[in-house]
Amino acid sequence: MARPGSGLLLPANGLGYPPQNLARVVVWEWMNEHGRWRPYGAAVCHHIENVLKGDARGTVVLGQVDGQLAPYVIDLQSMHQFRQDTGTMRPVQRNFYDPSSAPGKGVVWEWENDNTSWTPYDMEICVTIQNAYEKQHPWLDLTSLGFSYLIDFNSMSQTNKQSQRKRRLRRRMDLAYPLIMGSIPKSQSWPVGASSGQPCSCQQCILVNSTRAASNAILASQRRKLHAAVAAGNGGTTGTLTAVRQSNTFAGTSLWSTTSPATNNIGMGGGQAKGEQGQVPLSPDNFPVMSPHGHNTLAINGQNNLNRPGTQRISMATPRGTIPPGVPALPVKNLTGSGPVHPALAGLPVCLTRAPKPILHPPHITKSDMKPVPGVNGTRRKTKKKHLRKGKTPEDVVKRYTDKIKVPPDEDCTICMERLATASGYEGVLQHKGIKPESVGKLGKCGHMYHLLCLVAMYNNGNKDGSLQCPTCKTIYGEKTGTQPPGKMEYHVIPHCLPGYHDSKTIRIVYDIPAGVQTNEHPSPGKKFSARGFPRQCYLPDNEKGRKVLKLLITAWDRRLIFTIGTSSTTGESDTVVWNEIHHKTEFGSNLTGHGYPDPNYLDNVLAELSAQGVGEDNLKD
C-alpha cells in the first residue's frame, strides 16, 4: 500500500526564520527533568494559542481543555508551567514545524508501555518516524537521536537493541496542531532573560548548544571545501550534487543553495522524494568513479540523511586531497579493486565522530573503603508511612495562615480566575464548613490574596499535611511533606574524586525504594506501583558545601520529598517512582547527560531547589 509523500521540512524543526509568507504549525512543549521537550496535545496547543492572541502575558489554565491537567497553569510572561498543588515549575517553549510534517497532519506515533496504554514519542522523534514511514523505509534506527531502539514498520514494533525487548507501535490520526501565518516572533523559550537575549548557562543547555554549533560548523566547512573544489574545476560537462540537508535536530538555515539541474547525478539509497535535493554544478574531473552506464554516478547506500541527524553523510564528488582533515581514510578497496579510497566515496556510511560513553559509577571499592561523612550522624535513614496529623481540617489550615480581608481589591483570584469581589468559582462545587464563597484572605508572609474557598480546594488537592504553599510566589507556610513511598537512604565517603573537585573525596548517596502498593495519598490507591532503576547512586563532593547539601537532602528524605509516585517523563510509564524536582547527579566521572560533573553551579542550584521545597539552611542542626 503506497504511503503519502512528505513535504520539505523547515530547517531545525521550524525554528529560526524561514520566509514570512510560509505557514507554520505551532507545538507547545514542556521540559522534563531530563532536559527533553515533551509536546502538549493538539487541543491544548489550540487553547494556548487562543489565550496568547488575547493576552501575550496572560495565564493559561490547562484544565479548561484537559481535565487531567487541572492542577496546571502556564504563565506566558515567564514561559513556565506551574502546578498549583505542589508548586512544581517547568519551562515551556513554543516550537514551529512545517505544515506537511506529522503535527501539521495530525499524525501521532505512540508506543505501548507496561500498563498496555499508549505513550506518544517526543515531537522530534515523531516527525522523524513519520518521514521515514512516508518514504516507505522498512525500518528506522533511532540510535542517532539518542535512543537505542529499532522501529520496524512491517511489524509495527519497537525493539530495544540492547535487551531485545519488543513493544508494539501504532500510528493514529488526531487533531492537527494550530497553524499560523506570517513572520515567526522572537523565540519564546525558557529561560527568558531580562531583555538580555543571553542563552541559558546551565550544563544541559551548554551541551545541547555546543552540539548544535559543532554540527553547523562541520556543514559550513564542507560547503567551503566543495566550492573550492568547484572553482578549481577545468570546465566541461557539469554534474549534479545532491545537497546535504542540515539535520532537523540543529538550528540554523540551510547551508546549500540550489542551481539548475544537469546530467551527472549523485544519489542516495533508501528512498528519495522529489524536491528534496539541491544541485551544484561540478566538473566531471572531480568524480573518482565512472559508472558503466555512461553517467557519472556515486551512490551512498543505506537510509536517507533524514534518519542520521547526529552524523551527516556527504555525497561529495571531491578528490581525496579535499577530504576534510580529521576524517580517517580507511583502507577500503575502490571499485576497480586497487588502492585505498575514502569510505564515503566507496559507498560506505561514515561516522565522523564516535560518541563517548558516560562514566556512571566509580571504580570498584570495598566495604572498608566506605567511611562516614564528617559532621553527619549515621550512614542510613529509613522512611515508613506518612505521619498523620490529626485535628487539622482544611478550613483550619487555611485560616491559620491567612488574614481575612473585608474589602477585596478589584483583581482576579489566580486560582479560580474569578474577581475577588465576587464569589469563588468553587461555590456549589466544594463542601465547606464555616467559609463563605465570597470570603477573601491574605497570606501572612507574602501578602497574596485569594478566595478562602479556593485555598481550601487547593489544599484538598494536595498532600493535606498541614502546610500551604502560595500558588503565585510558592512561599511555604508550615512544614511541607511529600508522598514518597517507604525506602532507605545510605550515604558515605568513597576514596575517589569527582571531575572539578580533585582536592576532595566523594560523598556517595544510595537510594533504594522497593515496589509496593499505593495508599490513599497516591494517585491510584490500592494499585501496585513499580520502582525502576533502584538502587540509585548519586554523588556530591566531600567539602563543606557538599556536606551542607547532604544534610538538607537527609531532611528532605525524612519529609518524603525526594521521590514521589507518578508518570515517568522518560519512559511514559505511569504508577512508578519518579524524582520529585530535586535534581541529583547520577553520573560519576563525566557530564555527557547533563547529570554529572563538572558543573560549578550545581550545588547552588540544588540548594535553591531544596529551599523551594521548604528545606532551607535554617533547617540545619548544629
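Before reading further, recall that the structure is shown in the block above.
How each quantity is defined
- Residues numbered from 1 in each chain as written.
- Predicted model: local features only at pLDDT ≥ 70, side-chain atom pairs only at ≥ 80, totals over all residues.
- Heavy atoms only, no water.
- Helix = DSSP H or I, 4+ residues; strand = E, 2+ residues; numbered from the N terminus.
- Expected span 1.5 Å × (residues − 1).
- Buried < 20%, exposed > 50% of the residue type's maximum accessible area, 1.4 Å probe, protein only.
- Core = buried A, V, L, I, M, F, W, Y, C linked by side-chain atoms within 4.5 Å.
- Axes fitted to C-alpha atoms, helices over the stretch in contact; angles between N-to-C directions.
- Parallel < 35°, antiparallel > 145°, perpendicular 65-115°, else oblique.
- Left-handed = near helix turned anticlockwise from the far one by under 90°.
- Contact = heavy atoms within 4.5 Å.
- Nonpolar A, V, L, I, M, F, W, Y, C, P; charged D, E, K, R; others polar.
- Polar contact = N/O pair within 3.5 Å; in protein donor to acceptor, adjacent residues only side chain to side chain.

Peer 1: So what exactly am I meant to see when it comes to helix 3 (residues 123-134) here?
Peer 2: Residue pairs three or four apart in sequence face the same way in an α-helix, which turns once every 3.6 residues. With twelve residues, helix 3 ought to run about 16 Å at 1.5 Å a step, and its terminal C-alpha atoms sit 16 Å apart, in line with that. Counting buried positions over the twelve residues of helix 3 gives eleven, a clear majority of the element. Here helix 3 has its buried residues at Met-123, Ile-125, Cys-126, Val-127, Thr-128, Ile-129, Gln-130, Asn-131, Ala-132, Tyr-133 and Glu-134. Phi turns positive, to about 60°, at Gln-136, one or two residues after helix 3.

Peer 1: What am I meant to see in helix 7 (residues 544-558) here?
Peer 2: Between its first and last C-alpha, helix 7 extends 22 Å over 15 residues, near the 21 Å set by a 1.5 Å rise per residue. Regarding helix 7, the residues found buried are Gly-546, Val-549, Leu-550, Leu-552, Leu-553, Ile-554, Thr-555, Ala-556 and Trp-557. At the exit of helix 7 stands Arg-560, carrying a positive phi of roughly 65°.

Peer 1: Hey, could you run me through the nonpolar core in this one?
Peer 2: When a protein is soluble and globular, its nonpolar side chains tend to lie buried together. The biggest cluster of nonpolar side chains holds 42 residues, and the ones touching the most others in it are Trp-28, Tyr-40, Ile-48, Leu-62 and Trp-109. Among the secondary structure elements, those contributing two or more residues to this core are strand 1 (24-31), helix 1 (42-54), strand 4 (72-75), strand 6 (89-97), strand 7 (107-112) and helix 3. Considering every element that reaches this core, the biggest residue donor is helix 3, with seven residues. Among the nonpolar cores identified, the runner-up in size contains 40 residues, and Ile-513, Phe-529, Val-549 and Ile-554 belong to it.

Peer 1: What should I look at first to understand the packing of helix 7 against helix 8 (residues 602-612) in this one?
Peer 2: Helices that pack against each other are described as a pair by the angle of their axes relative to one another and the distance between those axes. It is at 10 Å that the axes of helix 7 and helix 8 come closest, and there the two elements cross at 25°. Relative to helix 8, the element helix 7 lies roughly parallel. Every pair of crossing elements has a handedness; the one defined by helix 7 and helix 8 is left-handed. Two secondary-structure elements touch here, helix 7 through Lys-545, Gly-546, Lys-548, Val-549, Leu-552, Leu-553 and Ala-556 and helix 8 through Leu-603, Asp-604, Val-606, Leu-607 and Leu-610. Looking at the contact of helix 7 with helix 8 residue by residue, the class counts come to eight nonpolar, one polar and three charged.

Peer 1: Help me understand the packing of helix 5 (residues 394-401) against helix 6 (residues 452-460), please; the structure alone is not making it clear to me.
Peer 2: Packing of helix 5 against helix 6 leaves a shortest axis separation of 9 Å and a crossing angle of 120°. With respect to helix 6, the axis of helix 5 lies oblique. By crossing handedness, the relation of helix 5 to helix 6 is classed as right-handed. Contacts between helix 5 and helix 6 involve Pro-394, Glu-395, Val-397 and Val-398 from the first element and Leu-452, Leu-455, Val-456, Tyr-459 and Asn-460 from the second.

Peer 1: Explanation requested: the environment of Tyr-97 in the structure shown.
Peer 2: Within the secondary structure, Tyr-97 sits in strand 6. Linking Tyr-97 and Val-27, residues 70 residues apart in sequence, is a C-alpha distance of 7.6 Å. A polar atom in the side chain of Tyr-97 sits 3.5 Å from the side chain of Glu-29.

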